[in-house]
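Secondary and tertiary structure notes
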Amino acid sequence: MIERIWSGKSWLYIPLLPFSWLYGAISIIRRFAYQKGWLSSWKSPVPVVVVGNLTAGGNGKTPVVIWLVEQLKQQGFHVGVVSRGYGGKSDQYPLVLSSDTTPAMAGDEPVLIYHRTGAPVAVAPNRRDAVSALLAQYPLDIIITDDGLQHYALQRDYEIVVIDGQRRFGNGWWLPAGPMREREGRLNSVDAVIVNGGQNQHNEIAMSLEGDIAVNLKTGEKKPISAFQHAVAIAGIGHPPRFFNSLREKGLDLSNTKAFSDHSAYLLEELKQLTPNHEILMMTEKDAVKCQQFAQDNWWYLPVSATLNNQFVLNPITDLIYSSKKTCI
C-alpha cells in the first residue's frame, strides 16, 4: 500500500499532506539553522564523503559505498566508514566493528560493508563520535559515511546522492505523504548524482548492480546463478521487487517470493517454512549477514557490485584527499 501511495497511484496521500508540510518545514528550518551556524556542526580533520539519498527506502547507496572503498583502497588510500547503524542496538557507542560484531549490534549494512571491504567501520547515532573513534585507532586519509545526507551536525567535503532510476522521487512529497526526506531541488547543491538502473538524466551518472555468482551461506561454495533453475527468494531491503526481478532476468524461476521490511531480523523457523521441500532459498547479501549463524545448506545469497564510470566520481575525491594532505603539511 505504501508503495502505491508514494508512487502517486493512490489518492490516500492527500490526508497525509499536513504531516508532510510539517515534516518539510522542520527539515528546511533545520538545514537553514546549520547553514547560518545557529546549530553547531563539527569538521573532521580528514575529508568526509557522504553517500546518501533524498528518499526513504533502498536506492543502492551501500553498494556505492563499497565501490568507493574498494576503488580508493586500490589507489593506496586508508579509508574508514561510519554509519548510524540502523537496526542494531549496542550496549555502548561509538562501536568500532570487529569480526565478532553482529548485525544485531551494529546493523546489517555496516556489518556487510566491514566484511566485504575489510575497511575500518564504526557506528554511532552521532556520526562525529563514530568518526572520532575511527581516527583514534586508525591513520585514515578519508571517511565515507553510509547515509547521513541529512545529518548536518557532521560537516562534509563531498556529497553523493543515489537515486533509484525506476522509482526516482515517486509523487514528490515529503514523508509521510511521499518518499522524500528533502525535495528534488536539493540535487542542485550536491557534488554528484548517481542513478541506479532506469534512465539517467543530464548530469546524472549511470550505475548498475552486477552479480552472477551465488554463494552458499553454510559452506561458502560458489556457483553461477545460471546453474540454478528454480528457487524461493526473500529480500529484506528497501525495494524487494528489484531483487526478485533481477533473479528472474537472470533466468531463475521463482516459485515463491517473500518481501520483508528493510533491516528485518530473521528467525530460523520462519525461513525454513518457506522451503518445506528443501528448495533453494535465494537472498541478498544484506539478508545473508543476518542469517549466517543459523544458515542451512539450501540457503544461497547473490552478492552484487556497483558498476559505474569512476572518472566522474573518483577523480574529485582523490583530488580532495591530496589537497587535504598538502594542507596538513
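This is a predicted model, so every value here is computed, not measured.

1. Topic: the domain arrangement of the protein chain
According to the domain assignment, the protein chain consists of domain 1 (1-208 + 307-327) and domain 2 (212-303). Of the residues lining the interface, 15 residues belong to domain 1; the matching set on domain 2 comes to ten residues. A buried area of about 1,100 Å², summed over both sides, lies between domain 1 and domain 2, and 56% of it is on carbon and sulfur atoms. Viewed at the interface, domain 2 and domain 1 are joined by four salt bridges. Measuring nitrogen to oxygen at the nearest pair gives 3.1 Å for the salt bridge that ties K290 to D108. Each residue belonging to the side of domain 1 that touches domain 2 can be placed in one class, and the counts come to four nonpolar, five polar and six charged.

2. Structural notes on the environment of P18
With respect to the element layout, P18 can be found in helix α2 (residues 17-36). Expressed as a C-alpha distance, the spacing of P18 and D287, which sit 269 residues apart in the sequence, is 35 Å.

3. With respect to the pairing of strand β12 (residues 253-259)
As judged from the six bridges shared by strand β11 (residues 230-235) and β12, these two strands associate in the parallel manner. Bridge pairing in β12 links I234 to K258.

4. Quick word on the nonpolar core
L68, L72, I144, I160, V313 and I317 are the most contacted members of the largest nonpolar core, which has 38 residues in total. Ranked by the residues each element gives to this core, the list is headed by helix α3 (residues 61-74), at seven residues. The residues contacting V313, other than those within four sequence positions of it, are W67, L68, Y158, I160, I194, I205 and L308. Judged by nonpolar contacts, the second largest core, of 26 residues, contains V50, A122, W174 and V190.

5. Describing the UniProt feature "transmembrane region" (unreviewed entry) in the protein chain
Sequence positions flagged by UniProt for "transmembrane region" (unreviewed entry) are, in local numbering, residues 12-33. Between the end C-alpha atoms of residues 12-33 there is a gap of 33 Å, over a span that is 77% helix and 0% strand.

6. Some details on the packing of aromatic side chains
Inspection of the entire model under this criterion finds eight aromatic pairs. Ring centres 6.2 Å apart and planes at 45 degrees place the aromatic pair Y34 and Y152 in the tilted group. One end of the pair, Y34, is in helix α2; the other, Y152, is in the loop between β5 (142-146) and β6 (158-164), with 118 residues separating them in the sequence. Summarising the aromatic geometry, the rings of F294 and W299 are spaced 6.0 Å apart at their centres and angled 85 degrees between planes, so their arrangement reads as edge-to-face. Judged by relative accessible area, which is 0%, W299 ranks as buried. The ring of W174 has R183 sitting right over it, with the charged end atom 4.7 Å from the ring centre.

7. Some words on the UniProt feature "binding site: ATP" (unreviewed entry) in the protein chain
Listed under "binding site: ATP" (unreviewed entry) in the UniProt record, and renumbered for this structure, are T55, A56, G57, G58, N59, G60, K61 and T62. By the element assignment, G57 lies in the loop between β1 (48-52) and α3. For G57, a relative accessible area of 31% translates into the label partly exposed. Checked against the element boundaries, G60 lands in the loop between β1 and α3. Ignoring any residue separated from it by four or fewer positions in sequence, one finds G60 in contact with V162, N196 and M207.

8. Digging into the sheet that holds β1
Across the sheet, which stays open at both edges, the nine strands sit in the order β3-β4-β2-β5-β1-β6-β7-β8-β15 with mixed pairing between neighbours. Of all the strands in the sheet, just β3 (95-96) and β15 (305-308) have a single pairing partner and so form its edges. Here three bridges tie strand β7 (residues 192-196) to strand β8 (residues 205-210), and the two strands are oriented parallel to one another. Across the sheet, the residue bridging to I194 is I205, located in β8. Along the sheet, helix α6 (residues 127-137) contacts β2 (79-83), β3, β4 (121-123) and β5; its crossing angle with β2, the most-contacted strand, is approximately 150 degrees.

9. Focus on α6
Buried within α6 we find R127, A130, V131, A133 and L134. Taken down its axis, α6 places every buried residue within 160 degrees of arc, on the same side. Buried positions along α6 lie against β2, β3, β4 and β5. One side-chain oxygen of the residue at the start of α6 lies 2.9 Å from the amide nitrogen of R128, identifying that residue as N126.

10. Concerning the sheet that holds strand β14 (residues 299-302)
Adjacent strands of a sheet pair through backbone hydrogen bonds, lying either parallel or antiparallel. Spatially, β10-β9-β14-β13-β11-β12 is the arrangement adopted by the six strands of the open sheet, whose pairing is mixed. This sheet does not close on itself; its edge strands, each paired only once, are β10 (222-224) and β12. The mean angle between the axes of side-by-side strands here comes to 30 degrees, regardless of whether they run parallel or antiparallel.

11. A short note on the pattern of salt bridges
Two side chains with opposite charge may pair up if their charged atoms get near one another. The final tally for this structure, using the stated rule, is 15 salt bridges. E159 serves as the salt-bridge partner of R156, at 2.8 Å between the closest nitrogen and oxygen. We classify E159 as buried; its relative accessible area is 8%. Residue D212 pairs with K250 through a salt bridge whose shortest N-O separation is 3.1 Å.

What counts and how
- Residues numbered from 1 in each chain as written.
- Predicted model: local features only at pLDDT ≥ 70, side-chain atom pairs only at ≥ 80, totals over all residues.
- Heavy atoms only, no water.
- Domains from an automatic or database assignment.
- Contact = heavy atoms within 4.5 Å.
- Buried area = accessible area lost by both parts, 1.4 Å probe.
- Salt bridge = Lys/Arg side-chain N within 4 Å of Asp/Glu carboxyl O.
- Nonpolar A, V, L, I, M, F, W, Y, C, P; charged D, E, K, R; others polar.
- Helix = DSSP H or I, 4+ residues; strand = E, 2+ residues; numbered from the N terminus.
- Pairing = 2+ DSSP bridges.
- Core = buried A, V, L, I, M, F, W, Y, C linked by side-chain atoms within 4.5 Å.
- Buried < 20%, exposed > 50% of the residue type's maximum accessible area, 1.4 Å probe, protein only.
- UniProt positions renumbered as here; feature names shortened; annotations may be inferred.
- Phe/Tyr/Trp six-rings, centres within 6.5 Å; stacked < 30°, edge-to-face > 60°.
- Lys NZ or Arg CZ within 6 Å of the ring centre and 35° of its normal.
- Axes fitted to C-alpha atoms, helices over the stretch in contact; angles between N-to-C directions.
- Arc of directions from axis to C-beta.
- Polar contact = N/O pair within 3.5 Å; in protein donor to acceptor, adjacent residues only side chain to side chain.

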